[in-house]
Protein chains: 2
Amino acid sequence: MLTLHPSGTQSLYQQIIETLQREIADGTLPAGTRLPSSRQLARDLRVSRITVVTAYAELEAAGAIEARGGSGTYVLPPWTPPWPAGTSGETAASPAAPALPPWQRDLVHPGNSEREQMLGHVLRGPLTPDTIGFAWGAGDPRLIPMTEFRRALVDVLDADGPAALGPEGGAGYPPLRSWLASYLRQNGLDATPDDILVTGGTQQTISLVAETLLQPGDRVITETPTWPGALEVFEAAGARVIGIPLDRGGMRQDCLVDALENEQPRLIYTVPTFQNPTGAVMSARRRRALCALAEQYGVPILEDDHVREVRFGQPIPPPLAAFDRRGDVIHAAGFTKSLIPSLRIGYVVARGPLREALIARKRTTDLFGSALMQRALTTFLESGAVARHWRRVSRIYHRRHTVMLRALERHFPSGSQWSGVSGGLVLWVRVPEGLSIAALHDAAAAAGVGFARGAAFFSEPADQPYLRLNFAAVDEPEIERGIAVLGRLAQEQVQRGGLDPPAAHCGRRAAR
Amino acid sequence: MLTLHPSGTQSLYQQIIETLQREIADGTLPAGTRLPSSRQLARDLRVSRITVVTAYAELEAAGAIEARGGSGTYVLPPWTPPWPAGTSGETAASPAAPALPPWQRDLVHPGNSEREQMLGHVLRGPLTPDTIGFAWGAGDPRLIPMTEFRRALVDVLDADGPAALGPEGGAGYPPLRSWLASYLRQNGLDATPDDILVTGGTQQTISLVAETLLQPGDRVITETPTWPGALEVFEAAGARVIGIPLDRGGMRQDCLVDALENEQPRLIYTVPTFQNPTGAVMSARRRRALCALAEQYGVPILEDDHVREVRFGQPIPPPLAAFDRRGDVIHAAGFTKSLIPSLRIGYVVARGPLREALIARKRTTDLFGSALMQRALTTFLESGAVARHWRRVSRIYHRRHTVMLRALERHFPSGSQWSGVSGGLVLWVRVPEGLSIAALHDAAAAAGVGFARGAAFFSEPADQPYLRLNFAAVDEPEIERGIAVLGRLAQEQVQRGGLDPPAAHCGRRAAR
C-alpha cells in the first residue's frame, strides 16, 4: 500500500505522514478505512515501530485519523479549512465568502459613524505622510525626549532584570505612585500613594469608573461639546448623556443646577482645565461651587485632567479634586497628551470602596499592567527630565498657538469665531452658519489636511459648525500652510453660495 | 496692612502671596474683605504693578481670592484639603477618617473573595522574596530572553524614532499581524493579517468578546474548573456560568449536549489545549464534534489557546478554530504565559461584524495600544529568537514537570491524585476528601510556599479539594523543597485527624 523513498531527504516518519495524508486526500484511503496496525505497517515498511506510532499520533492530533480503543485506527472524514483566506473586511461581501453564522447576524454595531471616523483619524497619529495632522489629539511626537526615555528603558532592564518584564498588578508600581502623590501635592491635591491607582491611560480610567458606577438607563452630566471617547464609554454603559453648555469659565452653573434638580444624574464627567475641545478653564469659583453641588446632590464627579502640564504662562486653578471636601471628586490624569502616547499609563485618585472596586474591575479588564512601562516611566520622571520636557513643549506650543491664531485671522472667512487658549493643544473654531463641515473635511483631506469635525464632540450626531484644530503637533510652516488650505476651501464654499440654511439642531442648542 | 521683607531670599511676588495667604488663614483678612486694588497695593509696597497683578492672579487661581468684574478683589471663604493624608485602605475605618460620600456607600463589591485572593497572589508573580511561587500562572521570568528583547526594544526606538512612541490604534501593527497570520497557518489555522486584531492580552480579549456578545442574564458554557479571570468577566457581564466537567480528553460531550439542549447558551468558553487548571488536551475528535455542535446550535465559541507553545514532545491537535467550518470559533491567544508577561499583547482571530465590533469596543476600553511594545515584539518574533525560546523553555519545563511528579509521589499523602501533562505550566492535584485546602494554604504561606487554591477555579465558592501547582516558574531544588513542605503540612492535617467530613458540594459535583 504505502511506498516510501528512503533515498529522499525527508525522515521516514515524515514520509509516512505525507504519504498517508496524500492518500486520504485523493480518496485512495476513504473515510472509515481501517489502517494497518503500527506493528504490521512497521514490518511492511521495514521501519521501527516507534516511527509508525509517532506518525499515527501526529495524524491523529491533526484530526486525520482516529484510534478507537482496541479496535484499530481509522481514517476520519475530511474537513475543509474554516474559511477562504482573506475574507475579512471589504471582500466579505464577495460571492465567494461563506455566509456569516447566525449569531453574527444579530451583531448590530451601535456606533456614531461621525465620531468613529473622527476617532479613527485621531488614532492614526499626526505622522501620516502627506497629511498636515490637525486632527490628532496629543502633542508633537517629534518633541518626545527620545534619548532620555530610551535611557530610562535600558536602565530599568539592566537594573531590574526579569522583574522588569513581569506583571504589575494591583494598584501599580509603588515608586510610580509615590512620585505621582508628590506631583499631585505640588498641584494642590493632597493625595497619598495609597490613594492612587495606575491604569492603562485615561480612556481606561473613564471606562472603569463608568462600569463601576453606572447602570443602563442612568444619566451622566458632561460638558457639551466634550471628549468623544467619554461619550462612547457612557453610551456603551447604556447611560444617557446630558450635555451642559460651556462659556469661557467652564460648565454653565445655571444649566448644571437645572440638570441636577431634574435629572437625578449618577455621575458628572468634566474636563475643567483646557477643556476638550473648547480649551475653556473652569474658574476657581466654579470649581468650588461644582464640588459643593456634588456634595449637596450626592453625585460623584469624574475629573479628566488631561493636559494640565502644557500652559502658556497664566496661572490656572488647582485640580477640581483640590476643592473637594468629602471625596466626591475622582481625579483622573495620564501621560498620553503631554509626554508619550505609547506609554498607555494613566492614574486615578480614588479612595474607599470605589478604589477597591476599580482595582477589581481593572483586573477583570486586563489582568495587570506592564511592569516595564511603569518602571521606565518612573525612572524617567525621577530623573527630572519631565519638568524640562513640559517647560520646553509649553514654550514651543505657545508659539505655534500664536502662529495658528494669526493664520486663522488671515485665512478664515469672516463670521468665523475662535478664542485663544491659555494652555493645552487645541483650538475650537466656529465657522459661519450653513457652511458644511463634512464637505470641508472631505475637500481638506483631498488636499492633504486633516482636522477633527465638531460633530464628533456632541452626543447627538449632526453637522455642527465647528472644527477642532491641533496647533501643538504641527510645526509653524505646516500650520501656516494647513490653515491657508482650510481657509481657502472654506472661502470657496462661501463664494459658491453653497451655505446650507441653518439646521434644525441650532434651535435646540440655542434653547439650552 | 502688608509688610514685606525685601532683604529676604524670596521674590517680592512670593512674599506678597505668602503674606496674604497667612493673613487669610489667621483671620486677619476674613472672607468677604475687599483687597486694595493692584495699583494701590503696588504703590503702598513700592513694587511694580505687574508683581501685584501676578500675585493676585496666583491667589485667585488657588481659590483664595476672587476678582469680581469691576467691583474689586475679595477674600473667599477658606477651604480644607479634601481628606486627611493616608486615609485609604486600612486606616479608612479610623475615627479621624471622614465619612464616605453617600454614593460610595451603595458600592457593593461583588467579588468572590477566594478568587480575588488567588488572583491577587498570582498577579504578584513568582519573584516575591521568601516564597516558592507555585501560585503564579505563567512561565519562569528568569528564562525570559532578556538580551534579545532588550535589543529588539532599542532597535525599534533607533530605527522608528517618534513613530515607535505613538499610538497603535485599530487592529494593531500590520507587520505583527502578518507574523501572527503566518504563525497561525503553521499551526493549521488559516488566517490572514486582516482577520487578526491585536489586544492588550487574552484577559482583555475575553472581556471584549463578553461585552460584545453577552447581555445580563445570558448563559455561558465553560469547562469546570476553568480560568478564574474568565469567570470574573462573565460574572461582571451579568451572565450565568454553566460548568461542564472534563476528563482527560477535555469537556465531556454528553454534558455539553445536555447544556446546549436545555440552557440556550450565548457563548462557549473553552481552553482546549493544556486546559487551565487541569492540563487536559481536547482530542481532535472532540474538537471536530464541538465545532459541529456550535454550528448546529448557533453558539459562538471563544477558544483560549493560552500556552500551546510549551509542549513536551507529544503531538497536539491544531487549534479548535482549525476545525471550524463556518466562523463559529473566536480564536484568542497571547504572549503572557510563554514569553513575557509585561508585553500586555494578545490577539484574536475574528471576522465580519464581530471584528468591527471588537475594534470599536477596544477603542472605547483603552483607545489604542502601545506602538513601542507591538513593534519590539514584532522585531523579536521576526528575529527567530522566539522559536529558540519556546524550544528551550519546553525542555526545561518538561524536566521540572518530571521533578514535580516525583516529589508529589514522595511527599503527598496517600489518596492524593494527579496526572502528568503533555505541556503547559501547571499540575492539578486532588487531595484526600476532607483535607482543608484553605488551612493548607495558610500554613504553606507561613512556611514560604504559595499555591493556587482550587476553589478559585470554580464558579461556586467552596473549599474544593484541589491545588494548582506551577512547575514551570520554579527551579528543580525549589520544587523539591516546596513540595516537601506542602506534603508535610498535608500529612500533618491527615495525622491530626483534622479531616472535615465530605462537604455538601461533593454530591453536586458527583451528580454532573
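Not measured: the values here are computed from a predicted model.

## Topic: the domain arrangement of chain A
- Domain assignment breaks chain A into domain 1 (12–75), domain 2 (113–137 + 387–511) and domain 3 (143–383).
- Between domain 1 of chain A and domain 3 of chain A, the C-alpha centre-to-centre distance is 61 Å.

## So, helix H7 (residues 174–186) of chain A
All names here are of chain A.
- Its 13 residues give H7 an end-to-end C-alpha distance of 19 Å, which sits within 8% of 18 Å, the value for a rise of 1.5 Å per residue.
- Those residues of H7 that are buried are in contact with strand E6 (196–199), strand E12 (329–334), strand E13 (346–349), helix H12 (352–366), helix H13 (371–382) and helix H14 (385–411).
- In the segment just after H7, Gly 188 is the residue with positive phi, at about 90°.

## Some words on unusual backbone geometry
- Cis rather than trans, the peptide bond between Thr224(A) and Pro225(A) has omega equal to 0°.
- With an omega of 15°, the peptide bond between Asn276(A) and Pro277(A) qualifies as cis.
- One can find Pro277(A) in the loop between strand E10 (267–270) and helix H11 (284–297).
- Residues other than glycine seldom take positive phi values, yet Arg46(B) does so here, at roughly 55°.
- Checked against the element boundaries, Arg46(B) lands in the loop between helix H2 (38–45) and helix H3 (49–61).
- Although it is not a glycine, Gln264(B) adopts a positive phi angle of roughly 45°.
- Locating Gln264(B) in the fold gives a position in the loop between helix H10 (253–263) and strand E10 (267–270).

## Considering the environment of Asp194(B)
- Following the sequence through the fold, Asp194(B) ends up in the loop between helix H7 (174–186) and strand E6 (196–199).
- Each C-alpha atom of the pair Asp194(B) and Asp44(B) lies 73 Å from the other, and the pair is 150 residues apart in sequence.

## Describing the interface of chain A and chain B
- Facing 114 residues of chain A, the contacting portion of chain B comprises 114 residues.
- The interface formed by chain A and chain B includes eight salt bridges.
- Taken together, the links from chain A to chain B amount to 30 residue pairs in polar contact (both at pLDDT 80 or more).
- Among the elements that line the side of chain A that touches chain B, the one with the most residues is H12(A), at twelve residues.
- Residues of the side of chain A that touches chain B, tallied by class, amount to 62 nonpolar, 26 polar and 26 charged.

## Observations regarding the pairing of strand E12 (residues 329–334) of chain B
All names here are of chain B.
- Among the six residues that make up E12, six are buried, leaving the element largely enclosed by the rest of the structure.
- Side-chain alternation along E12 places Val 329, His 331 and Ala 333 on one buried face and Ile 330, Ala 332 and Gly 334 on a second face that is also buried.
- Across four bridges, strand E11 (residues 301–304) lies against E12 in parallel orientation. Counted as the bridge partner of Asp 304 is Ala 332 from E12.
- Two strands pair when backbone bridges link them, and E12 and strand E13 (residues 346–349) are joined in this way by four bridges, in the antiparallel orientation. Looking at the pairing, Ala 333 lines up with Tyr 347 of E13.

## Side note on the packing of aromatic side chains
All names here are of chain A.
- Tallying each qualifying case throughout the model produces 21 aromatic pairs over all chains.
- Centre to centre, the rings of Phe 234 and Tyr 269 are 5.7 Å apart; their planes meet at 65°, and the pair counts as edge-to-face. Remark: Tyr 269 occurs in strand E10 and Phe 234 occurs in helix H9 (residues 228–236); sequence separation between them is 35 residues. Like Tyr 269, Phe 234 is buried.

## Focus: the pattern of salt bridges
- In total, this model carries 51 salt bridges over all chains according to the counting rule given.
- When the shortest N-O distance is used, the salt bridge between Glu116(A) and Arg363(B) registers 3.7 Å. Of this pair, Glu116(A) sits in helix H5 (residues 113–123) while Arg363(B) sits in helix H12 (residues 352–366), each in a different chain. No difference in accessibility class separates Glu116(A) from Arg363(B), as the two residues are buried.
- Here Asp475(B) makes a salt bridge to Arg142(B), at a shortest N to O gap of 4.0 Å. In this pair, Asp475(B) sits in the loop between strand E18 (466–470) and helix H16 (476–495) while Arg142(B) sits in the loop between strand E4 (132–133) and helix H6 (146–160), placing the two residues 333 residues apart along the sequence.

Conventions we followed
Residues numbered from 1 in each chain as written. Chains lettered and ligands numbered in written order. Predicted model: local features only at pLDDT ≥ 70, side-chain atom pairs only at ≥ 80, totals over all residues. Heavy atoms only, no water. Domains from an automatic or database assignment. Helix = DSSP H or I, 4+ residues; strand = E, 2+ residues; numbered from the N terminus. Expected span 1.5 Å × (residues − 1). Contact = heavy atoms within 4.5 Å. Salt bridge = Lys/Arg side-chain N within 4 Å of Asp/Glu carboxyl O. Polar contact = N/O pair within 3.5 Å; in protein donor to acceptor, adjacent residues only side chain to side chain. Nonpolar A, V, L, I, M, F, W, Y, C, P; charged D, E, K, R; others polar. Buried < 20%, exposed > 50% of the residue type's maximum accessible area, 1.4 Å probe, protein only. Pairing = 2+ DSSP bridges. Phe/Tyr/Trp six-rings, centres within 6.5 Å; stacked < 30°, edge-to-face > 60°.

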